[in-house]
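Per-entry structural report
Spelled out, the chains give:
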Amino acid sequence: MANSLPTEFDVIVMGTGLPESILAAACSRSGQRVLHLDSRSYYGGNWASFSFPGLLSWLKEHQQNSDTGEESPAAWQDMIHETEEAIPLCKKDETIQHAEVFCYASQGMDGNIEELSALQKNPSCVASSTLIKPLDSACLSEETHSSHITSYEVPTQDTPKNNEEITDTAETSVKEEYCGYDTYKHTVSDGTKDEIKPVLEDNSVPPKRKRIAYSQIVKEGRRFNIDLSSKLLYSQGLLIDLLIKSNVSRYAEFKNVTRILAFREGKVEQVPCSRADVFNSKELTMVEKRMLMKFLTFCLDYEQHPEEYQAFTQCSFSEYLKTKNLTPSLQHFILHSIAMMSESSCTTVDGLKATKTFLQCLGRFGNTPFLFPLYGQGEIPQCFCRMCAVFGGIYCLRHKVQCLVVDRESGRCKAIIDHLGQRINAKYFIVEDSYLSEETCSSVQYKQISRAVLITDQSVLKTDSDQQISILIVPPVEPGAHAVRIIELCSSTMTCMKDTYLVHLTCSSSKTAREDLESVVKKLFTPYSETEVDKEELPKPGLLWALYFNMRDSSGVSRSSYNGLPPNVYVCTGPDCGLGSEHAVKQAETLFHEIFPSEEFCPPPPNPEDIFFDGDEKPSEPLGTNNIVMAKLESSEGSKNLESSGKHLQN
């Protein structure tokens, strides 16, 4: 199909990240002919989720990508006419740097697992900082790779070709295997809530700590869905509203984040959020509970009482909190766990606004403000890709674009030339930032995000239930440093195997990811070894495996920073460092209205009774919504088997 694509489209989208996927869906929904391309072999770009073997393959691709020299000029230059000029696009992805992998778990005895060949027999040696060198552009040195970093060779039977593509039918069988786990499921609509609580086993005796070998992680690798970009969905946020409005929510399932945690005086504590949590908390005195409720009530309508904060608009939020007769513990909870701001960079108004947003999101779908999509954040871009495919969008993965063709007289882009030498014309072009060449981005100043992904054997805060989804903000130790956001996922989120937790760490970069985050990892986790597992109670969870990498943050780049962009070429940025996806949704909506100012952005799907097929005067009988949707999805190349709509978040 990729060899014989149509030559005329209304919109060509390059990249399948979240903003590009939302835009593609919106354009297709408005009746535009959409071609959606990605040079990668998987959907989502830096918003993607991978199984464990898929993540190792992704790391290997980046290693090979950084080692590959410039390709020789292709024949596309002969296809440029005299009245045209070309804007070459980037030939390799340079958004990921300083990737480092560490394995602390024992090897195990399974000789069929090829990865074990490169594991260090003494896991404690892996943690030595003097033996591991920072790696530029995800390039793994031969010495480090062979001695201290997990081999990228993965078993053939467990290796996906991509990160569970829409066309990957194996995903369905993997999801079905999770049916044994207890999950919280919600049917969501505006103002209603239907929560089905799991049936938990009644174990009077706490289970002993289990030994987990690396061979088990590899064997259960398909159980993992590891996000490159760690985010949550605000229950009253723009992304949830868009999912419900467009009915894309039927393609995904969500779980509530169950706990908000705080790190204070070297200990992890649970933060009371709702009124019930506050008054049931054993950590707060009765006086503190009243003080906290009074302040939170004020924050809900702080705009109505400007006299309470106007004198402090030039002060930081932490300084303002000190004037409100709050105890140090309450100030810490409000600043770091509710407003989720840092002491130095947050103004009073920003802090009050963030606190109000937090409080407004409480209670819509649960007792915390946040939701997490089952199977990882990479599901969300794919959901919008499915919507685009339903309305006629064409998808091609592993499809590189060599250049943009620009008309000299008008200055507008008129076509692309792909790696097969095809020239495809369009009116509008949407490009992910990473596709642009170094020359185009020479004036751009990028920020960086430091990321770590950990596999651990226990939660950072143990409770009676082992199925907790938690968010924790670790304040910076040094002035001017960045706070570290931690999201801990349990196995019922379908992101890790049973008896393990998947932990994501994120902060703005000042150095390499390992230099930024390793100190926090050491505070909360202990490198895993067999001798330590024999102890009844360990003060910290065991760290089985860790990945550090830096990711480019292009969210603050303005269009004027790019050199020589035609007016009908629109740039989408990658993931930002924020907790939610508000920036991606705002960007997609803004660009859509720039391109099609008179069209509605992602309107609700049409009434099935109003749909007429070519050649029919009217439908012979009323058709159900599911019939039309499923017929479209089954006929599209990028479809997956969907579960019953009653289990999904829907309007």
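Cut-off values and rules
- Residues numbered from 1 in each chain as written.
- Predicted model: local features only at pLDDT ≥ 70, side-chain atom pairs only at ≥ 80, totals over all residues.
- Heavy atoms only, no water.
- UniProt positions renumbered as here; feature names shortened; annotations may be inferred.
- Helix = DSSP H or I, 4+ residues; strand = E, 2+ residues; numbered from the N terminus.
- Buried < 20%, exposed > 50% of the residue type's maximum accessible area, 1.4 Å probe, protein only.
- Pairing = 2+ DSSP bridges.
- Lys, Arg positive; Asp, Glu negative; His and termini not counted.
- Salt bridge = Lys/Arg side-chain N within 4 Å of Asp/Glu carboxyl O.
- Contact = heavy atoms within 4.5 Å.
- Axes fitted to C-alpha atoms, helices over the stretch in contact; angles between N-to-C directions.
- Phe/Tyr/Trp six-rings, centres within 6.5 Å; stacked < 30°, edge-to-face > 60°.
- Lys NZ or Arg CZ within 6 Å of the ring centre and 35° of its normal.
- Polar contact = N/O pair within 3.5 Å; in protein donor to acceptor, adjacent residues only side chain to side chain.
- Core = buried A, V, L, I, M, F, W, Y, C linked by side-chain atoms within 4.5 Å.
- Parallel < 35°, antiparallel > 145°, perpendicular 65-115°, else oblique.
- pLDDT = per-residue confidence, 0-100.

The name given to the protein chain in an unreviewed UniProt entry is Rab proteins geranylgeranyltransferase component A, with the source organism recorded as Bos indicus. Looking at the Sequence similarities (unreviewed entry) heading of the UniProt record, one finds this comment for the protein chain: "Belongs to the Rab GDI family." Reading the Subcellular location (unreviewed entry) entry of the UniProt record for the protein chain gives the comment "Cytoplasm, Cytosol".

1. Focus: unusual backbone geometry
Positive phi values are uncommon outside glycine, yet Asp499 reaches one of about 70°. Along the chain, the position of Asp499 falls in the loop between strand 21 (484–489) and strand 22 (501–508). The exposure class assigned to Asp499 is partly exposed, which follows from its relative accessible area of 32%. For Cys602, which is not a glycine, the phi torsion comes out positive at approximately 45°. You can see Cys602 is positioned in the loop between helix 16 (582–595) and helix 17 (625–635).

2. Points about the pairing of strand 22
Here strand 22 lies mainly inside the structure; seven of its eight residues are buried. For strand 19 (residues 447–456) and strand 22, the ladder comprises eight bridges, and the chain directions are antiparallel. The residue of strand 22 that forms the bridge with Arg451 is Thr506. Pairing of strand 21 with strand 22, which is carried by five bridges, proceeds in the antiparallel orientation. Across the sheet, the residue bridging to Ile487 is His504, located in strand 22.

3. Regarding the side chain of Glu269
Locating Glu269 in the fold gives a position in strand 12 (residues 267–270). Although Glu269 lies buried, it forms no salt bridge, and the closest oppositely charged side chain, Lys267, sits 4.5 Å away as judged by the N-O distance. Not counting residues up to four positions away in its chain, the partners in contact with Glu269 are Ile260, Leu261, Ala262, Arg264, Phe333 and Leu461.

4. Quick notes on the sheet that holds strand 15 (residues 401–407)
Strand order in the open sheet formed by four strands is 4-15-16-17, with antiparallel pairing between adjacent strands. At either margin of the open sheet sits one strand with a lone partner, and together these are strand 4 (84–88) and strand 17 (423–425). Direction aside, neighbouring strands of the sheet carry axes that sit 30° apart on average. Where strand 16 (residues 413–418) lies against strand 17, three bridges are found, and the strand directions are antiparallel. Residue pairing across strands places Ile416 opposite Ile424, the latter belonging to strand 17.

5. Some thoughts on the packing of aromatic side chains
The tally for this structure, following the rule as stated, stands at 17 aromatic pairs. Considering the side-chain rings of Tyr42 and Phe50, the 4.9 Å spacing of their centres and the 75° angle between planes classify their relative orientation as edge-to-face. Residues Phe317 and Tyr320 carry aromatic rings whose centres are separated by 6.4 Å and whose planes lie at 20° to one another, so their mutual orientation is stacked. Placement of both Phe317 and Tyr320 in helix 10 (residues 317–322) is noted, with a separation of three residues, approximately one turn of the helix. Per residue, the accessibility class of Phe317 equals that of Tyr320, and both read buried. By the ring-pair criterion, three or more aromatic residues cluster together here, those being Tyr42, Phe50, Trp58 and Phe549. The ring of Phe298 carries the charged tip of Lys324 above its face, separated from the ring centre by 5.3 Å. The aromatic ring of Tyr446 is capped on one face by Arg552, whose charged end is 4.2 Å from the ring centroid.

6. Things to note about the environment of Ser437
As for its position among the elements, Ser437 is in the loop between strand 18 (428–432) and strand 19. Looking at Ser437, the relative accessible area reads 12%, which means it is buried. With 345 residues separating them in the primary sequence, Ser437 and Lys92 have C-alpha atoms 9.3 Å apart. When residues no more than four places from it in sequence are discounted, the contact partners of Ser437 are Pro88, Leu89 and Cys90.

7. Some words on the environment of Arg514
Of note, Arg514 is situated in helix 14 (residues 513–524). Judged by its relative accessible area of 9%, Arg514 is buried. Within polar-contact distance, the side chain of Arg514 engages the side chain of Glu100 at 3.0 Å.

8. Description of the nonpolar core
One finds Phe52, Phe295, Phe317, Phe370, Leu505 and Trp545 to be the most contacted residues of the largest nonpolar core, which totals 103 residues. Looking at this core element by element, the count peaks at eight residues for strand 24 (residues 542–553). In contact with Phe317, other than residues within four places in its own chain, are Phe295, Ile334, Leu335, Ala339, Cys346, Thr347, Thr348, Gly351, Leu352 and Thr355. One finds Leu243, Phe365, Phe596 and Cys602 within the second-largest nonpolar core, a separate group that totals 47 residues.

9. Comments concerning the pattern of salt bridges
Enumeration according to the criterion identifies 21 salt bridges in this entry. One salt bridge connects Arg40 with Glu432, and the closest N-O pair in it is separated by 3.3 Å. With a gap of 392 residues between them, Arg40 in the loop between strand 2 (34–37) and strand 3 (49–50) and Glu432 in strand 18 connect regions that are remote in the sequence. With relative accessibility at 9%, the residue Arg40 sits in the buried group. Owing to a relative accessible area of 5%, Glu432 belongs among the buried residues under this scheme.

10. A word on the packing of helix 11 (residues 328–338) against helix 12 (residues 348–361)
Their axes nearest at 10 Å, the elements helix 11 and helix 12 cross at an angle of 75°. The angle between the axes of helix 11 and helix 12 places the two elements in the roughly perpendicular class. Each of Ile334, Ser337 and Ile338 in helix 11 lies in contact with helix 12, whose residues at this interface are Ala354, Thr355 and Phe358.

11. Some points on the confidence of the model for the protein chain
A residue-level look at the protein chain finds 74% of positions with pLDDT of 70 or above and a mean pLDDT of 79. Ignoring residues within four places in sequence, the model shows residues 69–73, a span with pLDDT below 50, making four contacts including any to other chains. Of the regions scoring below 50 in pLDDT, residues 621–651 engages in 70 contacts with residues more than four places distant in sequence or in other chains.

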